[in-house]
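# Structure assessment
If you want the building blocks of each chain, they are given just below.
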Amino acid sequence: MTVQRRGNTKGPDANGIEKKIKRGNALRQASAWRGSRGPLLLLLGAAALCGAAGWLYVSSWDGEITETLVSRGELVTPKPRVYTVQCSEDYENYKRYPGCTPQRCGRAVTDSVVTREEAQALRRLAERGLALAGSEGGASILDLHSGALSMGKQFVNIYRYFGDQISEVFTQEDFQLYRDVRGRIQAVIAETFGLDPSLMYLTKPTFFSRINSTAAKTQHDEYWHPHIDKVTYGSFDYTSLLYLSDYGSDFTGGRFIFMDPNGNRTVEPRQGRVSFFSSGSENLHRVEKVTWGTRYAITVSFTCDPAHGISDPDLP
Ligand SMILES: *[C@@H]1O[C@H](CO)[C@@H](O)[C@H](O)[C@H]1NC(C)=O
Ligand SMILES: *[C@@H]1O[C@H](CO)[C@@H](O)[C@H](O)[C@H]1NC(C)=O
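By the naming in an unreviewed UniProt entry, the chain is 2-oxoglutarate and iron dependent oxygenase domain containing 3, taken from Myripristis murdjan. Recorded in UniProt under Cofactor (unreviewed entry), the annotation for the chain is "L-ascorbate".

### With respect to the environment of Phe193
Inspection of the secondary structure puts Phe193 in helix H5 (residues 172–193). Judged by the 22 C-beta atoms lying within 10 Å of it, Phe193 falls in the buried class. Spatially, the C-alpha atom of Phe193 lies 9.7 Å from that of Ala108, the residues being 85 residues apart in sequence. If near-sequence neighbours (up to four positions away) are discounted, Phe193 is found in contact with Pro102 and Arg104.

### A look at the site of ligand 1
Surrounding ligand 1, one finds Gly134, Ser135, Gly138, Ser140, Asn212, Ser213 and Thr214. Of the residues assigned to the shell around ligand 1, the class counts are no nonpolar, 7 polar and no charged.

### Considering the pairing of strand E3 (residues 105–110)
Burial analysis of E3 places 5 of its 6 residues in the buried class, the great majority of the element. When strand E2 (residues 81–85) meets E3, the two strands line up antiparallel, connected through 5 bridges. Looking at E3, one finds that Val85 is bridged to Cys105. Pairing between E3 and strand E13 (residues 274–278): 4 bridges, direction antiparallel. Paired with Val109 across the two strands is Ser275, which belongs to E13.

Thresholds applied
- Residues numbered from 1 in each chain as written.
- Chains lettered and ligands numbered in written order.
- Predicted model: local features only at pLDDT ≥ 70, side-chain atom pairs only at ≥ 80, totals over all residues.
- UniProt positions renumbered as here; feature names shortened; annotations may be inferred.
- Helix = DSSP H or I, 4+ residues; strand = E, 2+ residues; numbered from the N terminus.
- Buried ≥ 20, exposed ≤ 12 C-beta atoms within 10 Å, placed from the backbone.
- Contact = placed C-beta atoms within 7 Å.
- Near = placed C-beta within 6 Å.
- Nonpolar A, V, L, I, M, F, W, Y, C, P; charged D, E, K, R; others polar.
- Pairing = 2+ DSSP bridges.

So this is what it looks like as structure tokens:
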């Protein structure tokens, strides 16, 4: 990808320095011949400074390379934008499920699987559910499948805690929308990675998240650490994120970052945008800290192992 571009920028720079040194040498010979060293020393000094500045520039730049894979303002439609990444070697240690286990690994983004209206409806669902409680720190989750909802420093089960009242918060239509969207995400992942969708299973946890800039109170609030989903969640083979709010206008910070050995690559959330990737260590990632506003998203993940499959969330 842009690795090439980066390599090239370094090239001309280094060449420039070399040229300056050669020019310096030529001038030294010339001036030695003329017997006047003052201007030469100045020139050499300037060349050395340029070299040092160039080196500092390149190395500081290398330390925080950030490439935007997809910005908030772009519209990725009708086909997903796909970035292939070599599968990590970890897959050799996992049981293989033909038709599902990644043969090709990578990441992709699409804005044409979920409409903004649908994302808006899901966001309202998240807002209503999370309004029932929420973390004391800046990161709250609501898992419709298990019923887990952040409350203070821990979690409660919404279905047990709120009992019948939950039907005043969520409707059958809400769950139907979740199921439809889940099915479409499954289909686009299968198509993109060349899988049989009937051999992929929804897996847990599958949850809504709400993040704002309030400081973390417990480690459950610390969403920004780099991690590998397959390691963190075991059962995950494909992870997807559906964004329910817009980077830049609903919140700042909160970009999704793939941490590659040669640079960081970001996806900027956009309401209705789906980003998905193979869950192995080829996709080490983190979420940047939210600095302002509130960021809503849903994590929907799939496993190849039927034993780890779960059914769609439903009202009890
Ligand atoms: C973040 O959300 C919590 C509710 O979970 C709220 O109490 C807090 O005031 C919010 N912080 C900011 C900075 O908006
Ligand atoms: C990626 O970002 C992290 C900070 O989030 C930084 O420590 C690391 O050096 C960056 N990686 C590259 C290769 O630029």
